[in-house]
Amino acid sequence: MTDPDHDQIARKKSLDRVIHDAKAATEKEQKMSLMEGIKLYPKAIAWSVLISTCIVMEGYDVSLINNFYAFPQFNKKYGEQLPNGDWQVPAPWQAGLSNGANVGEFIGLLINGWVSERFGYRYTVIGCLTLVIAWTALFFTAQNVQTLLAAEILCGIPWGVFQTLCITYASEVCPVAMRGYLTTYVNFCWGLGQEIGIGVIMSMLKREDEWAYRIPYALQWMWPVPLIIGVYFAPESPWWLVRKGKLEEAKHALKRLTSPEKNADFDADETVAMMVHTTALEQKTTSGATYWDCFKGTDLRRTEIVCMVWAIQNLSGNSFSNYSTYFLTQAGLSTTKAYGFALGQYGINMFGVIGAWILMSRGIGRRSLYIYGLCILCIMLFILGFLGLVPEENRREGSLATGSIMLVWALAYQLTVGTVCYSLVSEISTRRLQIKTVALGRMLYIVVGIVCSVLTPYMLNPGAWDWRNFAGFFWGGICFLCIIYTYFRVPEPSGRSFAEMDLLFEQGVSARKFHQTEVDVFAEKVDASVLEKWEHTMGQSRVEKSLVF
């Protein structure tokens, strides 16, 4: 046998060994139960929860500005005096301040698609937390409304990074069985942050000095430093390390994320081989890793779905339901009690996430939860619309019923659409383009959110369109269109490995047939050079082990 033939045989055996290990790891992951995953990956859960706490900080921050407009001290400092002697921040500046953070987040989302892939997740988070410390000083010392706007835009940049990076990290440090829970925990963090924010604001209502708004701003400093320390010691995403060719570091990171002594079948080499195989498979179908690549080939379909799943969060009537306190106030509720209801609504948001976990643990898929949830929301929106037919003499009772139903709507939303979205966007996108795809989707979410936040006040304001409850018909109609889109376009990713998702999209499988379609990712030809590099690394590892023993 000639040397070239011998080399060819050795090369084939080497590649077969990598594929065998990758297949073994994939089978183990898909057979793994939730409890087995928790026992094997307790450290991954802890690190993911730590990094997701950045969203708690963001939820707290963004809840402040919209609630400060009710503070007389805030209005006197940053507003203008009205003819009747009252002080009020002018409407254009209110709109600017409310949307300033959105502008910054848009910039942050664009930057994150490049920065986190270039420098890694840990250093990106640490850098953004450092920026939050600096920009919070602008909030605390602002002497005019222009400085406040600058602070909103500048703080929005790191906030935009957190919105996608936390989801991506959660999806990449855990096995298939835990993916849906850790990614949706991000939504719980939003509710927790807003709950803390409303609680702080309620505690400041009786203050009559400038500290009524300065203290809440100063409390923003309590988040970044502990998070920076924690994130510094966190392991990097092993998927990111594999994409960068740092295979030994990926294996080391994986060991830091797991407790192998709890599962004798776990093999770090096999799991990293699975990551390598998936990366090689994606390199065959995805030529690059730029924003433009998100709109090429099969990735165009994945980008479209991720963008629409994000947008549906707003298109399903979320901006309308946020006016529950408006209707309750019309029903005669005091401002303090209205804040109390807002506090309760954010509590409902967190309870909804836990409820969604229970539903997922019962075997209900992400697609099913999304479709059934939209159907329930659509029905409730039409009920809200029909409440507009209540006679004028029963207006108070109608407003009370509307506000109450909106709170129930919020619970249904968080049980389904509001929570499951975070899992869907992290699972549908390809690994190589995940951050960029999720960022594009979040950008559309922001744009749609701005449009909805502009339209809804016009619909409800007696001095504008004065639709009142009839706005429920409009949002119910939009929600019905979202149901149709979801039925035909959004697939079921639960239980699928990332490699299987890649192959299903490559084969153009219908969204309705995703769950039952069988695929063999290990029968596909992949980029051999990637597998060879891993096999070389594994070979060195075996030699080192043999020398030790």
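Rules used in this analysis
- Residues numbered from 1 in each chain as written.
- Predicted model: local features only at pLDDT ≥ 70, side-chain atom pairs only at ≥ 80, totals over all residues.
- Heavy atoms only, no water.
- Helix = DSSP H or I, 4+ residues; strand = E, 2+ residues; numbered from the N terminus.
- Buried < 20%, exposed > 50% of the residue type's maximum accessible area, 1.4 Å probe, protein only.
- Contact = heavy atoms within 4.5 Å.
- Areas by Shrake-Rupley, 256 points an atom, 1.4 Å probe, with all protein chains shown as cover.
- Phe/Tyr/Trp six-rings, centres within 6.5 Å; stacked < 30°, edge-to-face > 60°.
- Lys NZ or Arg CZ within 6 Å of the ring centre and 35° of its normal.
- Salt bridge = Lys/Arg side-chain N within 4 Å of Asp/Glu carboxyl O.
- pLDDT = per-residue confidence, 0-100.
- Expected span 1.5 Å × (residues − 1).
- Axes fitted to C-alpha atoms, helices over the stretch in contact; angles between N-to-C directions.
- Nonpolar A, V, L, I, M, F, W, Y, C, P; charged D, E, K, R; others polar.
- Arc of directions from axis to C-beta.
- Core = buried A, V, L, I, M, F, W, Y, C linked by side-chain atoms within 4.5 Å.
- Left-handed = near helix turned anticlockwise from the far one by under 90°.

### Quick word on the overall build of the protein
Part 1 of the reasoning: In terms of helices and strands, the protein carries 24 helices and two strands.
Part 2 of the reasoning: Out of the 549 residues in the protein, the part that is buried amounts to 55%.
Part 3 of the reasoning: Restricting the contact set of the protein to residue pairs at least 6 apart, pairs at least 24 apart contribute 81%.
Part 4 of the reasoning: Just so you have it, the protein exposes about 22700 Å², and 63% of that area is on carbon and sulfur atoms.

### Description of the packing of aromatic side chains
Part 1 of the reasoning: This model, assessed by the stated rule, comprises 26 aromatic pairs.
Part 2 of the reasoning: Aromatic side chains Phe-74 and Tyr-78 sit 5.0 Å apart centroid to centroid with 55° between the ring planes, which places their arrangement in the tilted category. A residue pair is termed a helical-turn pair when its members lie 3 or 4 positions apart in one helix, as Phe-74 and Tyr-78 do in helix α4 (residues 72-78) at four residues.
Part 3 of the reasoning: The interplanar angle of 85° and the centroid separation of 5.2 Å between the aromatic rings of Tyr-232 and Phe-233 together place this pair among those described as edge-to-face.
Part 4 of the reasoning: The rings of Tyr-458, Trp-465, Trp-467, Phe-474 and Trp-475 are connected pair by pair, giving a single aromatic cluster.
Part 5 of the reasoning: Across the ring face of Phe-119, the terminal group of Arg-118 is positioned such that the distance to the ring centre comes to 5.0 Å.
Part 6 of the reasoning: Across the ring face of Tyr-123, the terminal group of Arg-122 is positioned such that the distance to the ring centre comes to 5.0 Å.

### Let's talk about the pattern of salt bridges
Part 1 of the reasoning: Per the counting criterion, the structure on display carries twelve salt bridges.
Part 2 of the reasoning: Two residues, Glu-117 and Arg-243, come together in a salt bridge whose shortest N-O distance is 3.0 Å. In this pair, Glu-117 is assigned in helix α5 (residues 91-119) and Arg-243 in helix α11 (residues 238-243), connecting sequence segments 126 residues apart. Each member of the pair, Glu-117 as well as Arg-243, is classed as buried.
Part 3 of the reasoning: The salt bridge partner of Glu-427 is Arg-366, with a shortest N-O separation of 3.0 Å. Here the residue Glu-427 occupies a position in helix α20 (residues 417-428), and Arg-366 occupies one in helix α18 (residues 366-386), the gap between them amounting to 61 residues.
Part 4 of the reasoning: On the accessibility criterion, Arg-366 (8% relative accessible area) is buried.
Part 5 of the reasoning: It is possible to trace a salt-bridge network through shared partners that takes in Glu-117, Glu-172, Arg-243 and Arg-431.

### What about the confidence of the model for the protein?
Part 1 of the reasoning: A residue-level look at the protein finds 88% of positions with pLDDT of 70 or above and a mean pLDDT of 85.
Part 2 of the reasoning: Contacts for the low-pLDDT stretch residues 541-549, under 50 throughout, to residues beyond four places or in other chains number seven contacts.

### Side note on α5
Part 1 of the reasoning: With 29 residues, α5 ought to run about 42 Å at 1.5 Å a step, and its terminal C-alpha atoms sit 41 Å apart, in line with that.
Part 2 of the reasoning: Gly-120 occupies a position one or two residues after α5 and carries a positive phi of about 95°.

### Overview of the packing of helix α21 (residues 434-460) against helix α22 (residues 471-489)
When two helices pack together, their arrangement is given by the angle between the helix axes and by the axis-to-axis distance.
Part 1 of the reasoning: As a packed pair, α21 and α22 sit with axes 10 Å apart at the nearest point and diverge in direction by 145°. Contacts between α21 and α22 pair Cys-452, Thr-456, Met-459 and Leu-460 from the former with Ala-471, Phe-474 and Trp-475 from the latter.
Part 2 of the reasoning: The class makeup of the residues in the contact of α21 with α22 is six nonpolar, one polar and no charged.

### Considerations on helix α12 (residues 247-257)
Part 1 of the reasoning: Buried residues of α12: Leu-247, Ala-250, Lys-251, Ala-253, Leu-254 and Leu-257, and no others. The arc that holds every buried residue of α12, seen down its axis, measures 165°, which confines them to one face.

### With respect to the nonpolar core
Nonpolar side chains tend to gather and get buried jointly when the protein is soluble and globular.
Part 1 of the reasoning: Membership of the largest hydrophobic core comes to 145 residues, with the highest contact counts inside it found for Phe-74, Phe-162, Trp-310 and Tyr-370.
Part 2 of the reasoning: Broken down by element, this core gets its largest block of residues, twelve residues, from helix α7 (residues 145-172).
Part 3 of the reasoning: If we ignore the near neighbours within four places in the chain, the residues touching Phe-74 are Ile-65, Phe-68, Tyr-69, Gly-79, Val-89, Leu-148, Tyr-213 and Tyr-217.

### Some thoughts on the packing of α5 against α7
Part 1 of the reasoning: Contact geometry of α5 with α7 gives a least axis separation of 6 Å together with a crossing angle of 40°. For the element pair α5 and α7, the recorded crossing hand is right-handed.
Part 2 of the reasoning: Along the lines of polarity and charge, the residues of the contact of α5 with α7 split into 14 nonpolar, eleven polar and two charged.

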